[in-house]
Amino acid sequence: MRRLNLKKGEIIQRPGDLNSKVYHVVRGLLRSYTIDAKGKEHIFMFGPEGWVVADNSPVEVPVDLFIDALEDTIVRVVEKDLAKETPNVAPLMRRISVLQKRVILLMSASAIERYEHFEQTYPDILQRVPQKMIASYLGMTPEALSKVKRNRLRKK
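Within any chain, residue numbers begin from 1 and follow the written order of that chain's sequence. Only residues with pLDDT of at least 70 get local features here, since the model is predicted, and only at 80 or more are side-chain atom pairs given and counted; chain-wide, interface and lining totals rely on the full set of residues. Working from all heavy atoms in the structure, the side-chain values ignore hydrogens and water.

## Quick look at the overall build of the protein
1) Next: Where helices and strands are cited, they refer to DSSP runs of H or I of at least four residues and of E of at least two residues respectively, numbered from the N terminus. What the protein contains, in helices and strands, is 5 helices and 8 strands.
2) Next: When the elements of the protein are put in sequence order from the N terminus, they spell out β-β-β-β-β-β-β-β-α-α-α-α-α.
3) Next: The globule rule is 2.2 Å times the number of residues to the power 0.38, and the radius of gyration it is compared with is taken over C-alpha atoms. Computed over the C-alpha atoms, the radius of gyration of the protein is 16 Å, within 12% of the 15 Å expected from 2.2 N^0.38 for a compact globule of 156 residues.
4) Next: Dimensions of the protein along its principal axes, counting C-alpha atoms only, are 50 × 35 × 30 Å.

Take a look at the structure:
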């Protein structure tokens, strides 16, 4: 296992790469995302301290996701080998749980429910990422996110 110091904006994985790695975030913030044919960015997940970020493609298959640093970040890099990941089961299980809930929310929840889930899942990064990235993660426009937040404030 090696440590990697990343600068803000540094891309550590691109779609098409082979032999992708598992990144354990020690300090900082990663994100994984895709860019569609129209050039629109879609954020798959954020990875703050204590989280794991990886593409789920098998090692021999080209990956689908970009992974980059949103802040200066330190990661532990592990080869994609489940046997090596055994000591790190808790972060992996959290990642799987968050992704499952996210898919269900994107399929069935209202915009406000998706935002509230984001607040609960990532309470420490609300002020660390731009609103346009939060909107991308939630599958809405930045304008729709602003409206959701305004409506929540009015109801409180």
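## Some points on the pairing of strand E5 (residues 41-47)
Each regular strand displays side chains that alternate between the two surfaces of the sheet.
1) Next: Strands are treated as partners if at least two bridges between them are detected by DSSP. Judged from the 6 bridges that link them, strand E4 (residues 30-35) and E5 form a sheet pairing that is antiparallel. Bridge pairing links arginine 31 to phenylalanine 46 in E5.

## With respect to the sheet that holds strand E3 (residues 21-27)
1) Next: Spatially, the 4 strands line up as an open sheet ordered E1-E8-E3-E6, and their pairing is antiparallel. Looking along the sheet, the strands with just one partner apiece sit at the ends: strand E1 (2-6) and strand E6 (52-53).

## Points about the confidence of the model for the protein
1) Next: This prediction gives the protein a mean pLDDT of 87; 93% of its residues lie at or above 70.
2) Next: Across the protein, strand E7 (residues 66-69) holds the top mean pLDDT of 97, while helix H1 (residues 82-85) sits lowest at 61. Residue-level confidence of the predictor is summarised by pLDDT, bounded by 0 at the bottom and 100 at the top.

## Some words on the packing of helix H4 (residues 131-138) against helix H5 (residues 142-155)
1) Next: With their axes 8 Å apart at the nearest point, H4 and H5 run at an angle of 95° to one another. Viewed along their axes, H4 and H5 adopt a mutual orientation that is roughly perpendicular. Facing H4, whose interface residues are Gln131, Lys132, Ile134, Ala135 and Leu138, H5 presents Pro142, Leu145 and Lys149.
2) Next: Here the term charged refers only to Asp, Glu, Lys and Arg, the term nonpolar to Ala, Val, Leu, Ile, Met, Phe, Trp, Tyr, Cys and Pro, and the term polar to all other amino acids, Gly among them. When the residues that make up the contact of H4 with H5 are grouped by side-chain class, the tally is 5 nonpolar, 1 polar and 2 charged. What counts as an axis is a line fitted to C-alpha atoms, over the stretch in contact for a helix, and the angles between N-to-C directions run from 0 to 180 degrees. Any angle between 65 and 115 degrees counts as roughly perpendicular, while under 35 counts as roughly parallel, over 145 as roughly antiparallel, and the rest as oblique. Working rule for contacts: check all heavy atoms of both residues, and any pair within 4.5 Å makes them a contact.

## Details of the sheet that holds strand E2 (residues 11-13)
1) Next: With antiparallel pairing, 4 strands are arranged side by side in an open sheet as E2-E7-E4-E5. The outermost strands of the open sheet, each flanked by one partner alone, are E2 and E5. Across the sheet, the axes of successive neighbouring strands diverge by a mean angle of 30°, strand direction being ignored.
2) Next: The strands touched by H4 within the sheet are E4 and E5, with E5 carrying the most contacts at an inclination of about 100°.

## Brief notes about the packing of helix H3 (residues 111-121) against H4
1) Next: Interhelical geometry of H3 versus H4 gives an angle of 115° and a closest axis separation of 10 Å. Relative to H4, H3 is oriented so that their crossing is right-handed. Where H3 abuts H4, its residues Arg114, Tyr115 and Phe118 lie against Ile134, Tyr137 and Leu138.
2) Next: Taken together, the residues of the contact of H3 with H4 sort by class into 5 nonpolar, no polar and 1 charged. Less than a right angle of anticlockwise turn of the near helix away from the far helix marks a crossing as left-handed, whereas a clockwise turn marks it as right-handed.

## What to know about the nonpolar core
1) Next: What makes a nonpolar core is a set of buried Ala, Val, Leu, Ile, Met, Phe, Trp, Tyr and Cys residues whose side-chain atoms join them at distances within 4.5 Å. Between buried and exposed lies partly exposed: a residue is buried under 20% and exposed over 50% of the maximum accessible area for its type, with that area taken using a 1.4 Å probe on protein chains only. In this structure, Phe46, Phe118, Tyr122, Ile134, Tyr137 and Leu138 are the most contacted members of the largest nonpolar core, which totals 24 residues.
2) Next: Secondary-structure elements contributing two or more residues to this core are E5, helix H2 (89-108), H3, H4 and H5.
3) Next: Ranked by residue count, the leading element in this core is H4, at 5 residues.
4) Next: Note that the domain bounds reflect an automated or database-derived domain assignment. Among the domains, domain 1 (1-86) and domain 2 (88-156) are the pair contributing at least three residues each to this core.
5) Next: Leave out the neighbours within four places in its chain, and isoleucine 134 touches Tyr115, Phe118, Leu126, Val129 and Leu145.

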